[in-house]
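Remarks on the overall topology
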Amino acid sequence: MVTYDELVDRLAVDLAYLDVRDFVSLLGNDRAVQVIQEPDGQHAELLAGPLEPAEQEALRRAGWQLGGTPKRPIWTVDVPWPPTADSARGLAERIVDAARTLLAPDIDNLEYDARNYNTWDPVDLPSLRDLRRAPSPR
């Protein structure tokens, strides 16, 4: 099994090769952190419901911004396209740290989905092969 630290390194590489409208979702504890490749950048969202003030502060320090509504808060990070090695690694770190602290402290409990929004075809990413694929919601 892959560790969270290994996942950061692997995911950083894969983020640079996503096609437009490809998305990656990490899922656990009824929460999700996801990234989608848009034509002009990558957009990451953390859907975690209400968080403790210390958790919110940690997200702000990591570069996440709070949006959405009070009932449906959404934390976001945007990275312009094309990513640099540093920006891809930084985004991978944010995504994986959110998964580790808010979704599934034990990586064995983390699931993923990776697809293209336009076609709904699965996307095969080497970084995720050691994780369990979540059942498709469609």
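Here is what the cut-offs are and how they apply
- Residues numbered from 1 in each chain as written.
- Predicted model: local features only at pLDDT ≥ 70, side-chain atom pairs only at ≥ 80, totals over all residues.
- Heavy atoms only, no water.
- Pairing = 2+ DSSP bridges.
- Helix = DSSP H or I, 4+ residues; strand = E, 2+ residues; numbered from the N terminus.
- Contact = heavy atoms within 4.5 Å.
- Axes fitted to C-alpha atoms, helices over the stretch in contact; angles between N-to-C directions.
- Phe/Tyr/Trp six-rings, centres within 6.5 Å; stacked < 30°, edge-to-face > 60°.
- Salt bridge = Lys/Arg side-chain N within 4 Å of Asp/Glu carboxyl O.
- Buried < 20%, exposed > 50% of the residue type's maximum accessible area, 1.4 Å probe, protein only.

1. Focus on the sheet that holds strand 5 (residues 73-80)
On the basis of which strands lie adjacent, the open sheet formed by seven strands has the order 4-5-3-2-1-6-7 and mixed pairing. Unpaired on one side and paired on the other, strand 4 (65-68) and strand 7 (132-133) mark the two borders of the sheet. Strand direction decides the pairing type here: strand 4 and strand 5, joined by four bridges, are antiparallel. Its bridge partner being in strand 5, Gln65 is matched across the sheet by Thr76. Its contacts with the sheet put helix 3 (residues 85-103) on strand 1 (22-28), strand 2 (31-38), strand 3 (41-47) and strand 5, and the angle it makes with strand 2 is roughly 160°.

2. Re the packing of aromatic side chains
Tallied over the full model, the rule gives three aromatic pairs. For the pair Tyr117 and Trp120, a centre-to-centre distance of 6.1 Å together with 45° between the ring planes defines the contact as tilted. Members of the aromatic cluster, joined through ring pairs, are Phe23, Tyr117 and Trp120.

3. Focus: the pattern of salt bridges
Counting across every chain of the model gives eleven salt bridges. The shortest N-O distance in the salt bridge between Arg21 and Glu38 comes to 3.1 Å. With Arg21 in the loop between helix 1 (4-15) and strand 1 and Glu38 in strand 2, this pair connects stretches of sequence that are 17 residues apart. Among the residues examined, Arg21 registers a relative accessible area of 24% and is labelled partly exposed. Classification of Glu38 as partly exposed rests on a relative accessible area of 25%. A salt bridge links Arg133 to Asp113; the shortest N-O distance between them is 3.3 Å.

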